[in-house]
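Structure at a glance
Single-letter residue listing:
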Amino acid sequence: MRILVVSDTHGYIDAVVAYIKAHPNTFDGLWHLGDYYKDAVKIGHLTGLQVHAVKGNCDSYANAEEDLSLKIMGYHILLTHGHHYGVKYSLLKIHLKAIEGYYDLVCFGHTHMVTQAREGGVKLFNPGSASQPRSGGYPSVGIVELGDMGIKTTIVPLTFV
């Protein structure tokens, strides 16, 4: 199973939609990690992908969950924006949440910076920002592949649009 993971679009979805349309029949779904929840809905409408999304710190208007727990192919996955876990300063709180919830994978955003880390058997994954990267980064999305051999995460730069 291949999932496109997107965060922090902040109203700029053209590059994400173009990437999805340039890779038809590649993804089984989309996970949007907040900041702008309404973008997740719009991307799903424009691409036909099934969307799971959470709200971020810029989504106070949204009637959506801040944390979303998924069970897919035997993997326990948490989607969150990350602002309630202080991810801009440390991964400790989000790692503790992962341990407490027995998660195999935690996907988060908020920092606008790519993170791929393994902490005590838990994979922590931040695809960066699809629209406003920080620290000299580039707009990016992530891919999560779930299979019999485990969880694989990949970062994809959105530099072609």
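Predicted, not measured: the structure shown is a model, and the values here were computed from it. Per chain, the residues get numbers from 1 upward, laid out in the order the sequence is written. Note on the predicted model: pLDDT of at least 70 is required for a residue's local features to be given, and 80 or more for side-chain atom pairs to be given and counted; whole-chain, interface and lining totals, by contrast, use all residues. Only heavy atoms go into the side-chain values, all of them from the structure, while hydrogens and water stay out.

1. Structural notes on the packing of aromatic side chains
Each Phe, Tyr or Trp ring (for Trp, its six-membered ring) is paired with any other whose centre lies within 6.5 Å, and the angle between the two planes then decides the class: stacked below 30 degrees, edge-to-face above 60, tilted in between. Counting across every chain of the model gives 1 aromatic pair. Aromatic side chains Tyr-19 and Phe-27 sit 6.1 Å apart centroid to centroid with 40° between the ring planes, which places their arrangement in the tilted category. By the burial criterion, Tyr-19 is buried, and Phe-27 matches it. Here Lys-38 stacks its cationic end above the ring of Tyr-61, 6.0 Å away from the centre of that ring. Three exposure classes are used, based on accessible area relative to the maximum for each residue type with a 1.4 Å probe and protein chains only: buried under 20%, partly exposed in between, and exposed over 50%. The criterion for a charge sitting over a ring is simple: Lys NZ or Arg CZ within 6 Å of the ring centre, and within 35 degrees of the ring normal.

2. Observations concerning the pattern of salt bridges
Here a salt bridge means any side-chain nitrogen of Lys or Arg lying within 4 Å of a carboxyl oxygen belonging to Asp or Glu. A full pass over the atoms with the stated rule returns 2 salt bridges. Between Arg-2 and Glu-145 there is a salt bridge, with the nearest N and O atoms lying 3.6 Å from each other. Taken together, the residues Arg-2 in strand S1 (residues 2–6) and Glu-145 in strand S9 (residues 140–147) connect sequence positions 143 residues apart. Residue classification places Arg-2 among the partly exposed positions, given a relative accessible area of 28%. Among the residues examined, Glu-145 registers a relative accessible area of 23% and is labelled partly exposed. With a shortest N-O distance of 3.9 Å, Glu-145 and Lys-152 are connected by a salt bridge. Residues joined by salt bridges that share partners form a network here, namely Arg-2, Glu-145 and Lys-152. The secondary structure listing takes helices from DSSP runs of H or I that are at least 4 residues long and strands from runs of E that are at least 2 residues long, numbered from the N terminus.

Just geometry here; none of it tells us what the structure is for.
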